[in-house]
Amino acid sequence: MINLESVTAGYGGNPVLRGLTLRFEKGGITGILGPNGCGKSTLLKVVSGLLKPTSGQVCLGGKPLLSYSPKELAKEVAVLPQSREIPAIPVEALVSHGRFPYLGFPRKLAPTDHSAVESAMERAGVLEHRHKLLSALSGGERQKVYLAMVLAQDTPIVLMDEPTTYLDINHQFELLRLVRELADSGKTVLVVMHDLAQALETCDRILLLDHGEAIAYGPAGEVADSRAIDRVFGVVSQRVEDLKGRGHYLFSEQA
């Protein structure tokens, strides 16, 4: 569904991604891991069309990304960035922005759009805040509002840059449950994560980047077993099972 062909991209003439060739199949969660500055967020910007490659090409469903109009692309890809503005508007108004790609002129929501916004706020756990200003909410609550906007946009591809930022542990589990629901419904989810254990336990596949290159890419268990994560981060990983037989990962410093 998403193809990168020899993609190089960066800022101010300095490459961050270097000749990256990847294929992301439809469905499932791909966790993007790597040290700071390795190109994780840059990759999401390239796939979302926010950053044009200096060379190479990105295709969605066999169609070059650059051939999509902004409105067409917004029906295909939804983005939950790491840092966002905090507009002085009510929660419901912001979530409604997720429906804008589907509206004609004037931008008036139809009953189906209102229903999608209502459902998204309920799923994200922000329905009770619908009339509050976004600026009046905590960082974690705002994060859930932006997630609701992504849910309302209802695209086949969802990109998330460290979505558990600002969330306490219970809300992290809640958000990751929603991410799993998105993937199980057939959506393709690419998510940048900094918690290695959480990524291995949540994601179907792992893409490990370092210095703008793909060091490992495949099923989460296989990437963990390869010890590529250990080498890139300079850690020692260990897989343990809980009483229900579920696998969990522990990381420690190398001796």
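Residues numbered from 1 in each chain as written. Predicted model: local features only at pLDDT ≥ 70, side-chain atom pairs only at ≥ 80, totals over all residues. Heavy atoms only, no water.

Colleague: Got a minute to help me understand the nonpolar core in this structure?
Modeller: Inside soluble globular proteins, nonpolar side chains tend to come together where they are buried. In terms of nonpolar packing, the biggest core is built from 51 residues, with Leu33, Val95, Val145, Met160 and Ile206 touching the most fellow members. Considering each element in turn, this core owes the most residues, 8 residues, to helix H5 (residues 139-153). Each of domain 1 (2-76 + 156-253) and domain 2 (85-154) accounts for three or more of the residues forming this core. Here Ile206 is in contact with Gly31, Leu33, Ala199, Leu200, Ala216, Tyr217, Gly218, Ala220 and Val223, once residues within four sequence places are set aside. In terms of nonpolar packing, the next biggest core, distinct from the first, is built from 27 residues, Leu17, Val47, Leu51 and Val58 among them. (Core = buried A, V, L, I, M, F, W, Y, C linked by side-chain atoms within 4.5 Å. Buried < 20%, exposed > 50% of the residue type's maximum accessible area, 1.4 Å probe, protein only. Helix = DSSP H or I, 4+ residues; strand = E, 2+ residues; numbered from the N terminus. Domains from an automatic or database assignment. Contact = heavy atoms within 4.5 Å.)

Colleague: I tried to follow helix H6 (residues 169-184) on my own but got confused; where do I start?
Modeller: Across its 16 residues, H6 extends 22 Å between first and last C-alpha, which sits within 8% of the 22 Å expected from 1.5 Å per residue. Listed as buried for H6 are Gln172, Leu175, Leu176, Leu178, Val179, Leu182 and Ala183. The buried residues of H6 occupy an angular sector of 155° when the element is viewed end-on, so they sit on one face. In this structure, H6 carries Asn170, Phe173 and Asp184 as exposed residues pointing more than 90 degrees from its buried face. Of the surrounding secondary structure, the elements contacted by the buried residues of H6 are strand S3 (28-33), helix H4 (111-124), H5, strand S7 (157-161), strand S8 (188-192) and helix H7 (196-202). Just beyond H6, the residue with positive phi is Gly186, at close to 105°. (Expected span 1.5 Å × (residues − 1). Arc of directions from axis to C-beta.)

Colleague: Looking at this structure, I do not really get the environment of Ile215. What am I missing?
Modeller: Structurally, Ile215 can be placed in strand S10 (residues 213-219). With 198 residues separating them in the primary sequence, Ile215 and Leu17 have C-alpha atoms 12 Å apart. For Ile215, the contacting residues outside a window of four places in its chain are Leu208, Leu209, Asp210 and Val232.

Colleague: Would you take a moment to explain the pattern of salt bridges for this structure?
Modeller: Proximity of charged atoms lets side chains of opposite charge pair with each other. Scanning the entire structure with this criterion turns up 14 salt bridges. As a salt-bridge pair, Asp113 and Arg99 come within 3.0 Å of each other at their nearest N and O atoms. Taken as a pair, Asp113 in helix H4 and Arg99 in the loop between helix H3 (91-96) and H4 lie far apart in primary sequence, 14 residues in all. Across the salt bridge formed by Glu118 and Arg130, the nearest N and O atoms sit 2.7 Å from each other. A residue pair is termed long-range when its members are at least 10 positions apart, and Glu118 in helix H4 and Arg130 in the loop between H4 and H5 qualify at 12 residues. Here Glu118 falls in the partly exposed class, since its relative accessible area comes to 30%. Overall, the relative accessible area of 19% leaves Arg130 in the buried class. (Salt bridge = Lys/Arg side-chain N within 4 Å of Asp/Glu carboxyl O.)

Colleague: Can you help me understand the domain arrangement of the protein in this one?
Modeller: You'll often see interface size given as the accessible area lost when the parts meet. Split into domains, the protein comes out as domain 1 (2-76 + 156-253) and domain 2 (85-154). One C-alpha centre belongs to domain 1, the other to domain 2; they are set 25 Å apart. Facing the 19 residues of domain 1 at the interface are 16 residues of domain 2. Roughly 1,300 Å² of surface becomes buried between domain 1 and domain 2 when both sides are summed, with 60% attributable to carbon and sulfur atoms. Where domain 1 packs against domain 2, one counts 3 salt bridges. One salt bridge in this structure joins Lys144 and Glu174, with 3.9 Å as the shortest N-O distance. For the pair domain 1 and domain 2, the interface holds 4 residue pairs in polar contact (both at pLDDT 80 or more). Contributing elements (two or more residues each) for the side of domain 1 that touches domain 2: helix H2 (70-74), S7 and H6. Considering every element that reaches the side of domain 1 that touches domain 2, the biggest residue donor is H6, with 6 residues. For the side of domain 1 that touches domain 2, the per-class residue count stands at 10 nonpolar, 3 polar and 6 charged. (Buried area = accessible area lost by both parts, 1.4 Å probe. Polar contact = N/O pair within 3.5 Å; in protein donor to acceptor, adjacent residues only side chain to side chain. Nonpolar A, V, L, I, M, F, W, Y, C, P; charged D, E, K, R; others polar.)

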